[in-house]
Structures are given as C-alpha cells and as structure tokens.
There are 4 protein chains.
Amino acid sequence: MITVGIIGAGRIGKVHAHSISTQIPNARIKWMADPFMNKDTADWVKGKGVEKLTKDYHDVLNDKEVQAVLICSSTDTHSKISIEAIKAGKHVFCEKPIDHDVKKIKAVMECLKKHPKIKYQVGFNRRFDHNFQAIKKAVVAGKIGDPHIIKITSRDPAPPAIGYIKVSGGIFLDMTIHDFDMARFLAGCDAVEVSAYGANLVDKEIGKAGDIDTAIITLKMKNNALVVIDNSRKAVYGYDQRAEVFGSKGMVQVYNDAASSLVLSNEQGNTSEGYLYFFLERYMVAYAEEIKSFINAIEKNKKTEVGVFDGLQPVLMGLAAKKSLKEHRPVKISEIKF
Amino acid sequence: MITVGIIGAGRIGKVHAHSISTQIPNARIKWMADPFMNKDTADWVKGKGVEKLTKDYHDVLNDKEVQAVLICSSTDTHSKISIEAIKAGKHVFCEKPIDHDVKKIKAVMECLKKHPKIKYQVGFNRRFDHNFQAIKKAVVAGKIGDPHIIKITSRDPAPPAIGYIKVSGGIFLDMTIHDFDMARFLAGCDAVEVSAYGANLVDKEIGKAGDIDTAIITLKMKNNALVVIDNSRKAVYGYDQRAEVFGSKGMVQVYNDAASSLVLSNEQGNTSEGYLYFFLERYMVAYAEEIKSFINAIEKNKKTEVGVFDGLQPVLMGLAAKKSLKEHRPVKISEIKF
Amino acid sequence: MITVGIIGAGRIGKVHAHSISTQIPNARIKWMADPFMNKDTADWVKGKGVEKLTKDYHDVLNDKEVQAVLICSSTDTHSKISIEAIKAGKHVFCEKPIDHDVKKIKAVMECLKKHPKIKYQVGFNRRFDHNFQAIKKAVVAGKIGDPHIIKITSRDPAPPAIGYIKVSGGIFLDMTIHDFDMARFLAGCDAVEVSAYGANLVDKEIGKAGDIDTAIITLKMKNNALVVIDNSRKAVYGYDQRAEVFGSKGMVQVYNDAASSLVLSNEQGNTSEGYLYFFLERYMVAYAEEIKSFINAIEKNKKTEVGVFDGLQPVLMGLAAKKSLKEHRPVKISEIKF
Amino acid sequence: MITVGIIGAGRIGKVHAHSISTQIPNARIKWMADPFMNKDTADWVKGKGVEKLTKDYHDVLNDKEVQAVLICSSTDTHSKISIEAIKAGKHVFCEKPIDHDVKKIKAVMECLKKHPKIKYQVGFNRRFDHNFQAIKKAVVAGKIGDPHIIKITSRDPAPPAIGYIKVSGGIFLDMTIHDFDMARFLAGCDAVEVSAYGANLVDKEIGKAGDIDTAIITLKMKNNALVVIDNSRKAVYGYDQRAEVFGSKGMVQVYNDAASSLVLSNEQGNTSEGYLYFFLERYMVAYAEEIKSFINAIEKNKKTEVGVFDGLQPVLMGLAAKKSLKEHRPVKISEIKF
C-alpha cells in the first residue's frame, strides 16, 4: 500500500483522487492540498476517503508517512514543488508540462540525479489510452516493419477561454505538446527537426492574443521517420485523437471512440454516434492507468514509464516549433538551448 | 463469337442488350424480339448495334445463325419459349423464375434431357455480384469451416405497384426466390424444410391483395446448416442485400455498396452515404457477369453456373414457404409435389 | 446510503461486490453469505470492505439494518430466497432466471403482491449495456418508426462444461433467455408466439446431453413485429452480441466492442481487433449499471427497471421454444401454463 | 458524334481506347498512332473498332474529319504535339504533365490564346473518381464550412523501375503532381507556398538515382487552408488514396475501395479485403469519366473541367517542392519563374 498526497484539488487533481479511491486498491490518499480549498471541495475530497486536507502543500511534504505526491497545481509551480518533493524523499507524479522554461526542467533533472532512488513520472496520459497502447504495441511487435510515416491528428472540440490562451505558452506548448510526446512514443526515438505551419482560422480573438488555432507540424525523427501532426482548436464533431503509423511492412491506425456502436440508417445515409466529447470522456481510463503505472513503479522499484527526459523532450519540440513558425524555416531541436 | 437473340425488350432485356454490346466482345446480338416493339425501343435497340427487330420471337428461333436466346419476356411465357428454343437447338438463358408452376418447369427439364447438348441458364444474377461471389469463395475455401448459421437480409427500397403484386405469385415466389437461391448457393446444398412467418406491416393494400410485405423464413439445409432470411418490401434507406455465414471456424459477412466512401462528421455524428438504391444500381455489373458466364459456357462447352435444377429448387422452396405460412407449420420441401 | 447483503459469493456475486465497492458510493455491502465461504473468498470479500461474512444467508435476512439483498446463489434457490427476503422486508435483486419452473415464479409474484413496497429487480444485465441502451433509446425516440423486424445475434465464444449443460435447463432457458428479454426490451411489448429451429453442430456431447448448440428462434410480438434470434454455443472469434431493429422509418444496429480501434493493413487485408471475449469483458460496466439502477430505485422509491414480470416472460418464452422444438410447430406463449 | 484520334498506344492510350469503344457512344476513334505500332497492338486496336492505324501522328492531325486528339505519348512530346494539334484545329486531351518545363507549358498556353475555340483538357483523372467527386461536392455544398485543414494520402503499392525514376522528374513531378492537383481541387483555390520533407526509406537505389521515396509536403493555400500530403512509393497493402477536408462546420473523409465488402471474423480478428491494387484498378471508371467530360465539353461547347491552367499549377507546385527540399526552407509558388 502506497501512501499518497495530492497537491492541487482542481479538475485533474480530482480525476486522480477519484481513480485512486475507486480503482487503485494498493494506494491510499492521505492528503489533498490546495491553496483555495473550500467547503465544496473539502466535502468532495472527504467523500473519496481522503483523510487530511490542507491549504499548504508543505504539510504533505513534511508528513513522513507520505511516500509519493501527485503535483496537480498550476504549471508555474510544477518544477518548484517537484524539487521540494524530491528533496523531501517523495516519489513524484507531475502533471505536464514540467515547465515551459527549459532551465527549470534542467533543475529538476539535476535534482533527480542527486536522488537516484526517487521515481519521477510526467503526466502524458495518452500513452496509457487503450488505442494508443494498441498501436504502440503493434509497432513494437514489428507488425509494420520500420516506421516511415507517422500521422497524428489532434483536435479539440472547442477552444479554451482567451484568458487561458494568453498564459498557455501558445498552442505548441499547450496542445501540441501531447502530440510531440505521442510522436516520440510511436516512433520510439527523439525528434531531430521541426517545421511548423500555423494559421488563425477558428477565432480572431485567438490571433489577437498572439496565438494560432490551426497548425500542421512536420518532424524528422532520429530513425528517419517523418511525422506530421495536425491540430485545430475547434472540431465541431468532438475531440479528434487519431494516429497512423505507416512502415515497410504495413500500416496501423487507431480511431476515436464513441459512446456506443449504434448506427442509424435512413434516407440521410448511415449515421454512427459522434466521438466522445473531450479529454475527460476519452481519457478517463487512461488517467487511472497512468497512476496505476506510477504506483506500480514505486511498489516494484521499476523505472517509471514516462520519465523526466520524456517530460523535457516535448517542451524542446514545442519551443522549436514556435521558433519555426516565427522564423518561417525548419528548426533543429539542437538549436533550442538546454 | 456467339450469335444471340434477345426475346423481350423490357427493362431486363435492355439491361442484357446493353451488357452484351458494351462488355461482351465475344457475343453479338442479331435479333431483339418484342410483341410491343415501338419506335423508341427500336431506336434504342439499333443504337446498341442490334441488326434485326421483330414482334414475333419465332423469327429468332427460325434463324439458323442464332446460337443462343435470352428469354426476357413475361414470366408466364418462360417455360413455353424455353421448350421451343431448346427444340430449335438454341442455348437458353431464361430469366427467373422459369415458372411458378412446378409442372411446367418439369416439362422444361424433360425437354432438356432429350437435348443434352443445350446449355440452359437461369437468371439468378445475385450469384454473380462481387460481394456474394466473395462470400461464396470464402466459404468454399474453408475459411469458416462447416457452415452452421446462414443469414440473408433482403429488403427492397419500395414495394411494387399493387397491380404487380396481385400477379407476382406472392412475396415468396417474387422476392424471396432470390434469397432461396442465395441460401442454396451459400450453403452449397439443397433445403430440406421451410418455416415461414409473415406480416402485413408496410402497406395495407398489399394485405388486401392477399400478400404479405414483411417475412422471416427459416430453412433447414441438407448439411444441417440453419438459414434465416428476412424480407421487407420497404427499406427507406435503400436496397438492403447482406449475407452472413457463420461456421465452425469463423464468420464471413458481406454488406451493401454505396456510391462513394464519403463520411461526413459533424454535430450529428458520422454519416456515410446511403446504399445503392435498387437492383439496377446494385447489380448492373452482376447482370453483365451472368451473361459473360453463359456465353463462356457455350464457347467452352461447359456446364452453365446456374442450371435448370437451380431454377427449380427456389420455386419448390417458395411453394413450401407459402404452404408453411398458410398452414402455420414447418413444411418439408418433399411435400411439394414434383 | 443503502445497506446491502449479497447472498452467493460465486463469480457473479463477486462482480456485484466489486461494482458496489468501487462505483456505487450510495450503497454499502454489510454482509456476504455463501455456504462454501472459504479463506480465499473471505480475504477477497474483506478487501472489498465487506463487514460481515456468513455461511448462512439467514443471518443477512435477520439483520434489520440490511435494506436490500442481491441473490447470486444457484438458480434452484432463487425463488425460495426471494420469498424469504421479501417476507423479511428486504428489497431484492435476483439473478436471472428467477426459476425454470413457472409455478415458483408465480409464488414470488404472489408474495410481492402482498408486499407492495418491496422493490424487486431481475438481473437482465444486457439492458444496461451501452450499446443496447443506445439502440433502445433510438427506438423509443421514434428514429425507426414502427418496428417491423428485430434481429438479435447471441453467440458464446465456447460452450460450458457438459456437466453444466445437463442442469442448465437447455439452451433456451440458459442462453436464449437473455435474448428473449432483449426481444421484449427492443420491441417494447410481449411475445405472442415462438417457433424454434435447433441443431447439434458444435459438439456431439451436447447432443448426447439432450441439448442443442445452434438455434434460430422466430417470434411474433404483440405489436406485430417479427423477431429472429440466432444462437451458437461456439463463435471462435469471441462473444457475439449484436442487434438490429428495422422499421417503417429506418434501421438501427449495434455491434460488438473490441479492446481498441486498432486496424492493421498489410498484404492480408485490413484487420481490426477481435471482439471482447465473453460476458465479463463485454458487460462489466452493464453489471455495475444494473446495480446502480436497483439502488436508485430504492433510494428514490421508483419502480425497478426490470421487474418480476420481466423475469417471468423470458421463462415462458423459453418453455414455449422448448415445446416448439420438440413438437416441431409454432407454439403460442399462452399455451404455457401459468 | 465526335471523331477522335489517339496518339500513343501505350498503357494509357489503350485505357482510353477501351473506354471510348465501350462506354462513350458519342465518340468514335478513327485513328490510333504510335511510332512503335506492332502487330499485337494493331490487332488489339482493330478489335476496339478503330479504323486506321499509323506510326506517324501527323496522319491524325492531317485528317480533317478528326475533331479531337488524345495525347498519350511520352511526356517529352506532350507540349510539342499539343501545339501542333491546336494549330491543326483539333481539340486536345493531354495526359499529365503537359511538361516538366514551365516554359513549354507557357508556349502551349500562348498557342491556346490564339485559338480560343479549342478545348484543352489535362488528364488529372482523380478528379473524376467517385470518392473524390463526392468529397469535392460535399465541400462545395458547404457541408464542412470553410476548409481549415486538408489531408491527402497518396501511396503507391510498389516503386517503378529505377530506369523510370531517373527520367521521371522526381517524385514531386511524377507522383505528388496528382496530389498537388487534388489539393487545388479540394481547396478550390491555388497554393501560395510549399514546404517539403523527404526521405529515402523504401529502396536505396532510388536514393542513388537522386530521388526520394517518402515525403510529407505542406502547403499554404490562398484561402488560408493548410494542406498536408504524404507520399510513399511502397505501401505493401496496396494503392492508398485517401483525402480528408476539415473545416469550420465539420469534416469529410474518403477512403480506399476494395473488390468486395467481405469481412472474415476469426481468432485473428476481423479482416476486410485489401484495397484495389493500383491506379488501373482504382481509377478505371475515372479514366472513362474524364474522357466523357472532354467529349461533352466539345459537344456542348463548354469549358473543359481541367484546363491548361490546371495543368500548369501542379508543375509549379512540384518545382517549388523540389526547391524546398533542396534549399531546406518553405518556397513560395511565386518564386518559380513563369
């Protein structure tokens, strides 16, 4: 039984609390910390069997019984709390991204080097999705031979609030970052170069906020595979998360999920149900799976499935994509200072 | 080059004339006969390169150059013209059914016995459809082992005129007859027993005309496979022609075709194009293929793919189904006098 | 919070214990009873937070705190325990079938009449499956107009042990019973008549045990819809549970689920993942949903979604099917004595 | 009736001869010209009802009865024969590309300006494919609103001979040229900029010949839509020709066709038939449709559906892609001298 503290009781903190309390019998949530902890949240948290609540996450770090923390606070606090937790001897599950600033990620990495027994996992939940697991396994099993072309479609059903967009770090660090991770996951290697095309087609306010809402990003990977990611902030038909790996021996594809397999045939044609609406619907199981994997890594003293290096790479790719868009040329990952 | 005469210049006669003139280079249509031959038809027929027109089909039978005839006249003339043509030494392609009266089919069979060199083919065009060919081949290749359950769905987009229904012989002899043939084709053997359920749900006028418009027919085949056919006179989404063969080693299924693979995804879900509307759209290629097969059987002196026995069996099954519906009990094929 | 006792700690009892402990926060399992309760089971049960264990289910019925019981014991005890529980004032969730003997079901019904406040639910879990819920909703919403033809495919991946088959009551009461319920669920009314065709094609031992393993059952429903169910004890490709409702305005279909949407394209064609293997994989969510529905009916004092009458009808249909197979004729439901 | 001469009796010349002789009753092939006309070809050609054969295409141009010519000779002769035919007053259907040299295309364009009554069509057959027609119609009908992202997949089943690759002009002018046309067709406007990524992953000999075999090309269109094309010279599962248009109101997709809808379900999963093998299988109908369209434009004195400007643009895009790959930067179409 692993004793866990959750830092941050926002949406994703609650998702993890729910997963642990209902599906992970070998973990127990002792603490939940949030500076804005209110009565509603407190009631919800207690209903999940969490013993202690606090507004100060240091209470969690100071509790010797706590073996692991889940950092679900705002992005700008991820690296700082990571370092404090590592120093306090806690295993860390940190929501993505570790930071938008490569220097701060570097600081976490250096701290981890000094604490080699600490498990550190980054929250790239899509790797734990049943569809992406299946396509990864097929690639690793050699079903498609050497990967030549990887295609990732990632479109949100609706853009976030403009206020959020302004502090998001831009589409590449906020949204494409998951796809950069997926590219590495499916290719089985790092990216060498990024070339980004972007446009502001969904909402002019996004453009005014200095961001784009539609993008096509091309990558060259170390194993020579070419990757293309396409993003949109607004797919009216729902969350669109597909992948295709094409190689010397064939192709594998994964599609979106729907709530049921219902097909209605009438004069309009044959209509199947729309895709699951957004990440909470699509990835609820994946969120539980990533925490299971983290708890398992601690219990069995294994490497985490998504380490700090995996947390760094997509940030480098995102920064290279920003540079590519700005300078209107392909940018090597090695151009990003680290 | 086989010289052909077509008897009957109605819809199906024209379909065959078109197929031969455009796709069957080793056949030449010398004659087209129709008692109601008018100027429009005559012009159309000439445009297809047909040399001679007549209102009297005996002109065709009397032409020594004619090697084969296609009998596309009204059902009640099929057996009579078949016998005359056989006696005149012509190979015969006869539209289905040969007759609704088993005695008349018997007469054709006896005539054929006396003229063993004559090729005789019945127009069960669906056997030549790309989908049904594919499922048949898979079954014959042993892909699903021994057949246990065969399911045939056959629904028309709209019922025919009530006037037609009154002279059609009833749904089992008019519509299900194709599915009875398909059951034999897919099972690879004859039927032993028929059990029919029917209802009048589409149009009350059909009921008043003494027929049903909705039916489920269950068959026992000689190889012990069970078959179920479901029919409706009105599928608002278009012609529905599917089959499934389930066996000891797996299952094969074939679906309907659409005009394109287009899928539209929007707030309503994912909508693919409706099915091809009716038999002319769905089976146009199959109609050409059956005539190619017939011409080929003559040229290469091979057995036709759908012989007179294959023409008889579905009529027996249809008569047994009628009896089953009327007497409200399963009826053995052997109960139908032959 | 509803306090629950589970009677029977076999496979299905454990499924329900797991569902309640992880997914139903407004229910608490106080007791688990099983005459064969051993240390392994006891440990597992305690791990689910169950407070008390017993070999004698009367302990459960005698506990005044217990508001509801789940009867998951062997079929021959269902009706007896149901009556005892009702008399003890407990709400009852009873696994299907209530009994194979109509008289015993009648006794439960009469007991319920005397205790009108008791909620009684029968375990037809498939009604709570996401796919069957979706097709039912579409039908109720009028998407396909009046139902004309209903098709239900239900095939197991492998037959049970011959020992089980001998005491199962036969395929119609053991396996088809679920499909009979589905027919009523989708048609929205009762059956009037049953006509059954059966064969012994999967395993000769099943035939020797006096049962069939392959069946096609046709039903006439009160609303004139025709239903066809096809069953096999062995589908090598996995659990096959599909439904189609065809009506005056269109058709709705639901298919099987797979573990992922993966498709591999290579020289062999395009291969998608096989279906989920069996009922535990396919219906795990449905099992939780039916218990949620039961707890909800108690809390909100509503009718249960699957009452004792719904438990009776499929047994009548199963007995009529047995009679139909034996007497080789269609059998009216009203012929079964009740 | 339009009298036609075909110049070039190679594979594509024969495809057009076959289409006209079997499916286009309002066109008549009077001539077929080929410098390498041999007995086999001559016999085949005569079998199609072609009246006259020649080794010198000037015979065709000099025949006053000939109204239109189809230029199906080698690429390096397209522009020269085009100009001669235009000057001879013949309508011209010219296989793609008109030339790899923009100056030569310009010469054809200028010649056409002086002969404004001449119809000129370029052989971009894919525009006439049923799937691409369907997606185009859906876009034009506003089904997906404004196009934001267009994705085109185009992969051949196997690379051509190295000898061919050496004279092909490179993958962008030989293979992607069709996709460049498709991008313009689907976007409904011209391209502004091209960014190309390429790799040599299929066969090292292709690299030695100075070409690539795997490519991802990104385009910016005048209407701000972003396009991505992915190409491979070798898809082991067959010819892969798909498209997706994503826009403000939804998404439309078209897939590949198979020979039948057969699906086999067994322990390996559910396997559908592979895609049609290559362009002759996939586009046979489209080849006939483009010629019908050409003949129709002549008869009805309408603009051809794919004019000389449509022949020019993909060549400019191909040259820009070559430059982008070489100079490792995005290249504007306007940089290509014209």
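Going by the structure above, here's the rest.
Residues numbered from 1 in each chain as written. Chains lettered and ligands numbered in written order. Predicted model: local features only at pLDDT ≥ 70, side-chain atom pairs only at ≥ 80, totals over all residues. Heavy atoms only, no water.

J.: Pulling in residues and values, what's your account of the overall build of chain A?
T.: If you tally the helices and strands in chain A, you get twelve helices and 15 strands. In summary, chain A has a C-alpha radius of gyration of 20 Å against a globular reference of 20 Å for 338 residues, a match within 12%. In terms of its C-alpha atoms, chain A occupies a principal-axis envelope of roughly 55 × 55 × 45 Å. Residues classed as buried in chain A amount to 62% of the 338 residues present. Of all intrachain contacts in chain A linking residues separated by at least 6 positions in sequence, the fraction that spans at least 24 positions is 70%. When the accessible area of chain A is evaluated, it comes to approximately 12800 Å², of which 53% is carbon and sulfur surface. Of the charged side chains in chain A, 49 are positive and 40 negative, and the gap between their average positions amounts to 5 Å. (Helix = DSSP H or I, 4+ residues; strand = E, 2+ residues; numbered from the N terminus. Rg over C-alpha atoms; globule rule 2.2 N^0.38 Å. Buried < 20%, exposed > 50% of the residue type's maximum accessible area, 1.4 Å probe, protein only. Contact = heavy atoms within 4.5 Å. Areas by Shrake-Rupley, 256 points an atom, 1.4 Å probe, with all protein chains shown as cover. Lys, Arg positive; Asp, Glu negative; His and termini not counted. Charge placed at Lys NZ, Arg CZ, Asp CG, Glu CD.)

J.: Please give an account of the sheet that holds strand S3 (residues 52–54) of chain C that cites residues and values.
T.: All names here are of chain C. Read from one edge of the open sheet, six strands run S3-S2-S1-S4-S5-S6, paired in parallel fashion. Both edges of this open sheet fall to S3 and strand S6 (120–122), since each of them pairs with a single strand only. Put simply, the sheet's adjacent strands are angled 20° from each other on average, direction ignored. Taken together, the three bridges between strand S2 (residues 27–33) and S3 define a ladder with parallel strand orientation. (Pairing = 2+ DSSP bridges. Axes fitted to C-alpha atoms, helices over the stretch in contact; angles between N-to-C directions.)

J.: Can you explain the relation of the copies chain C and chain D? Please cite residues and give values.
T.: Here chain C sits on chain D after a turn of 180° about the axis and a move of 0.0 Å along it, with an RMSD of 0.0 Å. The transformation just described matches what one would write down for a two-fold rotation axis. Among all residues of chain C, the one whose C-alpha sits closest to the rotation axis is Thr271 of chain C, at a distance of 2.1 Å. Of the residues that chain C buries at the interface, 100% are likewise interface residues in chain D, meaning the two copies contact each other through the same surface. (Least-squares fit on C-alpha atoms with pLDDT ≥ 70 in both.)

J.: Give a description of helix H12 (residues 308–327) of chain B that names residues and reports values.
T.: Over its 20 residues, H12 of chain B runs 29 Å from end to end, which matches the ideal 28 Å to within 8%, given 1.5 Å per residue. In the segment just after H12 of chain B, His328 of chain B is the residue with positive phi, at about 55°. (Expected span 1.5 Å × (residues − 1).)

J.: Please give an account of the interface of chain C and chain D that cites residues and values.
T.: Each partner contributes residues to the interface: chain C has 13 residues there, and chain D has 13 residues. A buried area of about 1000 Å², summed over both sides, lies between chain C and chain D, and 48% of it is on carbon and sulfur atoms. Among the residues of chain C in contact with chain D, Val236, Tyr237 and Asn270 of chain C are the three that bury the most area, contributing 42% of the side total. Connecting chain C to chain D are zero salt bridges. In this structure, the connection of chain C to chain D is made through five residue pairs in polar contact (both at pLDDT 80 or more). Looking at the side of chain C that touches chain D, the elements with two or more residues in it are strand S13 (263–266) and strand S14 (269–272) of chain C. The biggest single contributor to the side of chain C that touches chain D is S14 of chain C, with four residues. Here the side of chain C that touches chain D is built from residues that sort into three nonpolar, eight polar and two charged. (Buried area = accessible area lost by both parts, 1.4 Å probe. Salt bridge = Lys/Arg side-chain N within 4 Å of Asp/Glu carboxyl O. Polar contact = N/O pair within 3.5 Å; in protein donor to acceptor, adjacent residues only side chain to side chain. Nonpolar A, V, L, I, M, F, W, Y, C, P; charged D, E, K, R; others polar.)

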